[in-house]
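Listed below are the residues making up each chain.
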Amino acid sequence: EEVPDAVIPAASKKITSISSPLRAVVRLRRRYQGLKKSRLHLELPREKPAEFVHTRLLQRKLSLNRTSLYSPSMSFFNQSGFESSQYFTFDTSVEHYSVKKCRRKKSRRRSRMVLYPDKTKKYLPAEEKSKAKRCLLLLIAIIFFQILNAIENLDDNLQKYDLDALEKTMHREVFGQKAAVEGIVDLLKDYLATHIHNKPLVISLNGPSGVGKSHVGWVLAKHFRSVMDNDFVLQYFVMHHCPSGVAPLTCEVDLSKKISDMVTRAEIEEKTPLFILDEVELMSPVLLDTLSRFFEPNQTNEFLNAIYILISNLGGAEITKFVIQNASTELLQQQRGAEELLSIIQPVLVSVHPLWKAADIIPFVLLEKSHVVNCFLEQMRREGLYPDQKHIENLANQLSYYTTGDKQYSRMGCKQVVAKVNLL
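The written sequence of each chain sets the order in which its residues are numbered from 1. A pLDDT threshold of at least 70 governs which residues receive local features in this predicted model, and a stricter bar of 80 or more applies before side-chain atom pairs are shown or counted, although totals over entire chains, interfaces and linings include all residues. Excluded from the side-chain calculations are hydrogens and water; all other atoms, namely the structure's heavy atoms, are used.

## A word on the overall build of the chain
Here is the rule: For helices the rule is a DSSP run of H or I covering at least 4 residues; for strands it is a run of E covering at least 2, with both sets numbered from the N terminus onward. Relative accessibility decides the category of a residue: with a 1.4 Å probe and only protein chains considered, values under 20% of the type maximum give buried, values over 50% give exposed, and everything between is partly exposed. Residue contacts follow a heavy-atom distance rule, with two residues in contact if any of their heavy atoms lie within 4.5 Å. Surface accessibility in these figures is a Shrake-Rupley result with a 1.4 Å probe; residues are shielded only by whichever protein chains are displayed.
Assigned secondary structure in the chain consists of 18 helices and seven strands. Here the chain, with 424 residues, has 31% of them falling under the buried criterion. For the chain, long-range pairs separated by at least 24 residues make up 74% of all intrachain contacts whose partners lie at least 6 apart in sequence. Counting every atom, the chain has about 28100 Å² of accessible surface; 55% of that belongs to carbon and sulfur.

The following block contains the structure:
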């Protein structure tokens, strides 16, 4: 059926020259704008009336029929396709909106899924490995092997000097000085673990006469001569190499030449020379000044790789007093006692000469009577004599002792043991 002319708006009659499809579009647009304006003032119902929907359906069919008359290309809009297709409505119900939103979410989720050619596997693409991570692992491996190589080199250097055998020998032949022996061995192990140092090792053995200081120097010299050449060990006795009649400058030149020549030879063969200086308390200030220059850290490399053993009776009176006062307590066997004794001795040595500031001080304490007996047994074994225990105790009783409670400390240590054994 044709629509009457009254239904057509006045504005559309003026454009009679325009085709029917264009008129239909204009008519629908004006209808849409009118409904939109009315919707701003009135609340739309949740469901549209059936009559209104039917009227809109008839209008849509009529417009399509007119379009097919003027443009044959639009004839594909058939009846079945039109009825099954969706058409525009102003239905804004909550249920319709929620269903539409749910469908939209599902479609989005499906669009994100990736189907591979075989359509059986769904997996993420493999991540590319970073080159920086590989470089970091390579750097860690290089550092690990360098540390391992350094540890092996330390072990090789210590095995070259055989310090374990030295420690056993000193514990066996030096009596009553367990703490001193352990301190010397620890310093040697730390220093000889590598051939690169920033200062020489200076060990000062201090204590009263006869407690084993010179004997320790003799054991060290014997051991290092066995593991190294004799040219790298120097025993310097002040009373022998620099007697009282010789000028101090002459002794200074002689000592400097001996140290320089030995250090130069040792540096060529990558060895650490050992200098044992006995009776240091008898050295003149000129010799002490010469030694202090060799102890300085800011020197050439060869003079930094050297070991100096200073043996003297300086501080012996302070050590004797400290031992007698604390004999009844266990302070001598504790770390706190060793630190307290060291704090007493060091100011005394520094007041004599500043070179002791660069030295590691090892105090030698008084020997008990049982230690003196062991000295007699060892000396008689060396002389090839039969060690009679009763006879040895009689010889030990002939010496003088400090008596404090139930302990007896020898005044002269083992100084007179050799003389008494030679009289047998």
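## As for the packing of helix α7 (residues 163-173) against helix α9 (residues 213-227)
Where we set the bar: Angles run from 0 to 180 degrees between N-to-C directions of axes, and those axes are lines fitted to C-alpha atoms, restricted for helices to the stretch in contact. Roughly parallel covers angles under 35 degrees, roughly antiparallel covers those over 145, roughly perpendicular covers 65 to 115, and oblique covers all other angles. Two helices crossing with the near one rotated counterclockwise from the far one by less than a right angle form a left-handed crossing, whereas a clockwise rotation gives a right-handed crossing. Only Asp, Glu, Lys and Arg are considered charged in this grouping, and only Ala, Val, Leu, Ile, Met, Phe, Trp, Tyr, Cys and Pro are considered nonpolar; every other residue, Gly among them, is considered polar.
At a minimum axis distance of 11 Å, the contact between α7 and α9 shows a crossing angle of 150°. Taken together, the axes of α7 and α9 are roughly antiparallel relative to one another. Taken as a pair, α7 and α9 cross one another with a handedness that is right-handed. Along the contact surface, α7 presents L163, A165, L166, T169, M170 and E173, while α9 presents H215, V216, W218, V219, L220, H223 and F224. Residue classes in the contact of α7 with α9 are distributed as nine nonpolar, three polar and one charged.

## Thoughts on the packing of helix α11 (residues 248-268) against helix α12 (residues 285-294)
Axes are the key here: two packed helices are described by the angle between their axes and the distance separating the axes. Axis separation between α11 and α12 bottoms out at 9 Å; the angle between their running directions is 25°. Considered as vectors, α11 and α12 are oriented roughly parallel to each other. Both α11 and α12 take part in a crossing whose hand is right-handed. Here P248, L249, C251, E252, L255, S256, I259 and S260 of α11 come into contact with α12, specifically with V286, L287, T290, L291, R293 and F294. In the contact of α11 with α12, the residues fall into nine nonpolar, three polar and two charged.

## Quick notes on the nonpolar core
Going by this rule: Each nonpolar core is a collection of buried residues, namely Ala, Val, Leu, Ile, Met, Phe, Trp, Tyr and Cys, held together in the definition by side-chain atoms within 4.5 Å.
Core analysis: the largest hydrophobic core is formed by 38 residues, its most contacted members being Y236 and M283. Breaking this core down by element, the ones donating at least two residues are β2 (233-237), α11, β3 (274-278), α12, β4 (307-312), α14 (316-325) and α15 (335-352). Considering every element that reaches this core, the biggest residue donor is α11, with five residues. Discounting chain neighbours no more than four positions away, the residues touching M283 are Y236, V238, L277, L288 and L291. Ranked by size, the runner-up nonpolar core spans 32 residues in total, among them A221, F232, I307 and F364.

## Looking at the pairing of strand β6 (residues 401-404)
Moving residue by residue along a regular strand, the side chains alternate between the two faces of the sheet. What counts, and what does not: Following DSSP output, two strands are said to pair if at least two bridges run between them.
Across four bridges, the pairing between β6 and strand β7 (residues 407-410) is antiparallel. Directly across from Y402, in β7, lies its bridge partner Y409. Counted between consecutive antiparallel strands, the loop separating β6 from β7 contains two residues, among which G405 sits at a positive phi close to 70°.

## Observations regarding a nonpolar patch on the surface
The test is simple: Within this analysis, patches are made of residues with over 30% relative accessible area and no salt bridge. Like charges are joined at 9 Å or less; nonpolar side chains (Val, Leu, Ile, Met, Phe, Trp, Tyr) at 5 Å or less. Every case where a carboxyl oxygen of Asp or Glu lies within 4 Å of a side-chain nitrogen of Lys or Arg is listed as a salt bridge.
Together, L136, L137, L139, I140, I143 and I147 line one region of the surface with nonpolar side chains, adding up to about 570 Å² of accessible area. The partly exposed category is assigned to L139, whose relative accessible area is 45%.

## Examining the confidence of the model for the chain
Put simply, the test is: Think of pLDDT as the predictor's per-residue confidence, scored from 0 to 100.
Summarising the model, the chain shows a mean pLDDT of 78, and 72% of its residues fall at 70 or more. In the predicted structure, residues 1-8 sits below a pLDDT of 50 and forms six contacts with residues beyond four places in sequence or in another chain. Note on residues 43-47: pLDDT under 50 across the span, and five contacts to partners over four residues away in sequence or across chains.

## A short note on the state of the cysteines
Defined as follows: For the purposes of this analysis, a disulfide is any pair of cysteine sulfur atoms at a distance within 2.5 Å.
Counted under the stated rule, the structure contains two disulfides. Each sulfur in the disulfide pair C242 and C251 lies 2.0 Å from the other. Across the S-S bond of C242 and C251 the torsion is about 90°, and the bridge reads as right-handed. For the residue pair C242 and C251, the accessibility class agrees, reading buried in each case. At a sulfur-sulfur separation of 2.0 Å, the disulfide partner of C375 is C414. Disulfide C375 to C414: torsion about the S-S bond roughly 75°, handedness right-handed. Of this pair, C375 sits in helix α16 (residues 369-383) while C414 sits in the loop between β7 and α18 (417-422), and the two are 39 residues apart along the sequence. By the burial criterion, C375 is buried, and C414 matches it. When the cysteines engaged in disulfides are numbered in sequence order, the chain pairs them as 1-2, 3-4.

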